[in-house]
Amino acid sequence: MWWRVASSRFALTSSRSSSVHQAAYRLNFREFFTTEILTWAKDGRPSTVKTPFVAFVLGGPGSGKGTQCTKIVETFGFTHLSAGDLLRHAISSNYENSAMILDTIKEGKIVPSEVTVKLIQRAIESSDNYKFLIDGFPRSEENRIAFEKIIGAEPNIVLFFDCPEEEMVKRVLSRNEGRVDDNIDTIKKRLKVFAALNLPVIKHYSERGKVHKINAVGTVDDIFEQVRPLFTANEKEIE
Ligand SMILES: Nc1ncnc2c1ncn2[C@@H]1O[C@H](COP(=O)(O)OP(=O)(O)O)[C@@H](O)[C@H]1O
Ligand SMILES: O=c1ccn([C@@H]2O[C@H](COP(=O)(O)OP(=O)(O)O)[C@@H](O)[C@H]2O)c(=O)[nH]1
Ligand SMILES: [Mg+2]
């Protein structure tokens, strides 16, 4: 949970932490992305002001997004939000729209933006972290516009795992996680949806200088060596 203080300068220079706490209130989703975030030291005094850092992690099905996110979390302390995992969790917990979400995933199509954005919003709002990997989202221009409209900001960086189709198919078919969409029929549909709807999002952010294209063929560790410098280069902004 993040909190905002009426005057962050006051908060940072004041030794009267109790009055600072009194002035604090919880940030909503939009404020989180547009406000400096104050964190608290163990003694309850205001510590540092953080700026939220968001990386979108994009790439076709099986390109290794989730695998590399796990390594980024271990190395750089991000919170990993996989849109697909949030949707699968919504199905298994019988969340509203669960039948529709399941059908959409089986068909390899894209769940309506309002559903996915709401799940991401809840996950971010219930986190104490201020740096997030949003994996597998936005999957379409409509997703992107819906998200940016709500938060009033853009991601800091966009990672694009570039992988040949044959390699993606091979990986998805041997993923072995019991997913309803890891079969040859759905994967063919997902690849078409990726090219038609997700590549335009990557193009949009490329034009804005935000995309870092990563060659997603090679060992997991080799690929991470391409990813690591993107985060160390932004270390000041992140930490
Ligand atoms: N560099 C790699 N080389 C070979 N297999 C990989 C590599 N990265 C991930 N995998 C495997 O490929 C499958 C898909 O990876 P995953 O991270 O789930 O991709 P995505 O989230 O993009 O669909 C998983 O079984 C994973 O273990
Ligand atoms: O923002 C999203 C993310 C995922 N999905 C659906 O969930 C499926 C699985 O997504 P995930 O990111 O888990 O797949 P991956 O690319 O990692 O294999 C997709 O094919 C879509 O049907 C969606 O509709 N919107
Ligand atoms: Mg994934």
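An unreviewed UniProt entry lists the chain under the name UMP-CMP kinase, with Thalictrum thalictroides as the source organism. As recorded by UniProt, the Sequence similarities (unreviewed entry) comment attached to the chain reads in full: "Belongs to the adenylate kinase family. UMP-CMP kinase subfamily." Per its UniProt entry, the chain bears the Subunit (unreviewed entry) comment "Monomer."

K.L.:
Pulling in residues and values, what's your account of the site of ligand 1?
P.N.:
Neighbouring ligand 1 are 14 residues, the closest being Gly62, Lys65, Thr67, Arg175 and Gly218. Thr67 places a side-chain nitrogen or oxygen 2.5 Å from an oxygen atom of ligand 1. A distance of 2.8 Å separates an oxygen atom of ligand 1 from a polar side-chain atom of Arg175. A majority-of-atoms criterion places ligand 1 in the largest pocket.

K.L.:
I'd love a proper account of the domain arrangement of the chain, names of residues and values included.
P.N.:
You can read the domains of the chain as domain 1 (3-50) and domain 2 (53-238). The interface is formed by 9 residues belonging to domain 1 together with 13 residues belonging to domain 2. Of the roughly 1,000 Å² buried at the junction of domain 1 and domain 2 (both faces included), carbon and sulfur atoms supply 73%. Sorting the residues of domain 1 by area buried against domain 2 places Phe29, Arg30 and Phe33 first, and these three jointly supply 61% of that buried surface. Counting across the interface, domain 1 meets domain 2 through 0 salt bridges. Where domain 1 meets domain 2, there are 0 residue pairs in polar contact (both at pLDDT 80 or more). Taken together, the residues of the side of domain 1 that touches domain 2 break down into 4 nonpolar, 2 polar and 3 charged.

K.L.:
How would you sum up the UniProt feature "binding site: CMP" (unreviewed entry) in the chain? Please name residues and give values.
P.N.:
Per the UniProt record, the feature "binding site: CMP" (unreviewed entry) sits at Asn143. Here Asn143 lies in helix α8 (residues 141-151). For Asn143, a relative accessible area of 3% puts it in the buried group. If sequence neighbours within four positions are ignored, Asn143 has contacts with Ile110, Val111, Ser113, Phe137 and Pro138.

K.L.:
Give a detailed account of the site of ligand 2, specifying residues and quantitative values.
P.N.:
In the vicinity of ligand 2 lie 20 residues, with Lys65, Arg88, Lys109, Val111 and Arg190 positioned nearest. Contact distances for ligand 2 include 2.8 Å between an oxygen atom and a side-chain N or O atom of Arg190. Among the detected pockets, ligand 2 sits in the largest pocket. When residues in the shell around ligand 2 are grouped by element, the largest group, 4 residues, is from helix α5 (residues 83-92). Residues that form the shell around ligand 2 fall into these classes: 7 nonpolar, 5 polar and 8 charged.

K.L.:
Could you give an account of the packing of helix α9 (residues 165-173) against helix α10 (residues 184-207), with specific residues and numbers?
P.N.:
In contact at an axis separation of 11 Å, α9 and α10 are set at 140 degrees when each is read in the N-to-C sense. When the axes of α9 and α10 are compared, the pair comes out oblique. Handedness of the α9/α10 crossing: right-handed. Where α9 abuts α10, its residues Glu165, Met168, Val169, Val172 and Leu173 lie against Ile184, Ile187 and Leu191. For the contact of α9 with α10, the per-class residue count stands at 7 nonpolar, no polar and 1 charged.

What counts and what doesn't
Residues numbered from 1 in each chain as written. Chains lettered and ligands numbered in written order. Predicted model: local features only at pLDDT ≥ 70, side-chain atom pairs only at ≥ 80, totals over all residues. Heavy atoms only, no water. UniProt positions renumbered as here; feature names shortened; annotations may be inferred. Near = heavy atom within 4 Å. Polar contact = N/O pair within 3.5 Å; in protein donor to acceptor, adjacent residues only side chain to side chain. 1 Å grid on protein atoms, 1.4 Å probe; cavity = no way out; pocket = protein on both sides within 12 Å on 5 of 7 lines; lining within 4 Å. Sits in = over half its atoms within 2 Å of the grid points. Domains from an automatic or database assignment. Contact = heavy atoms within 4.5 Å. Buried area = accessible area lost by both parts, 1.4 Å probe. Salt bridge = Lys/Arg side-chain N within 4 Å of Asp/Glu carboxyl O. Nonpolar A, V, L, I, M, F, W, Y, C, P; charged D, E, K, R; others polar. Helix = DSSP H or I, 4+ residues; strand = E, 2+ residues; numbered from the N terminus. Buried < 20%, exposed > 50% of the residue type's maximum accessible area, 1.4 Å probe, protein only. Axes fitted to C-alpha atoms, helices over the stretch in contact; angles between N-to-C directions. Parallel < 35°, antiparallel > 145°, perpendicular 65-115°, else oblique. Left-handed = near helix turned anticlockwise from the far one by under 90°.

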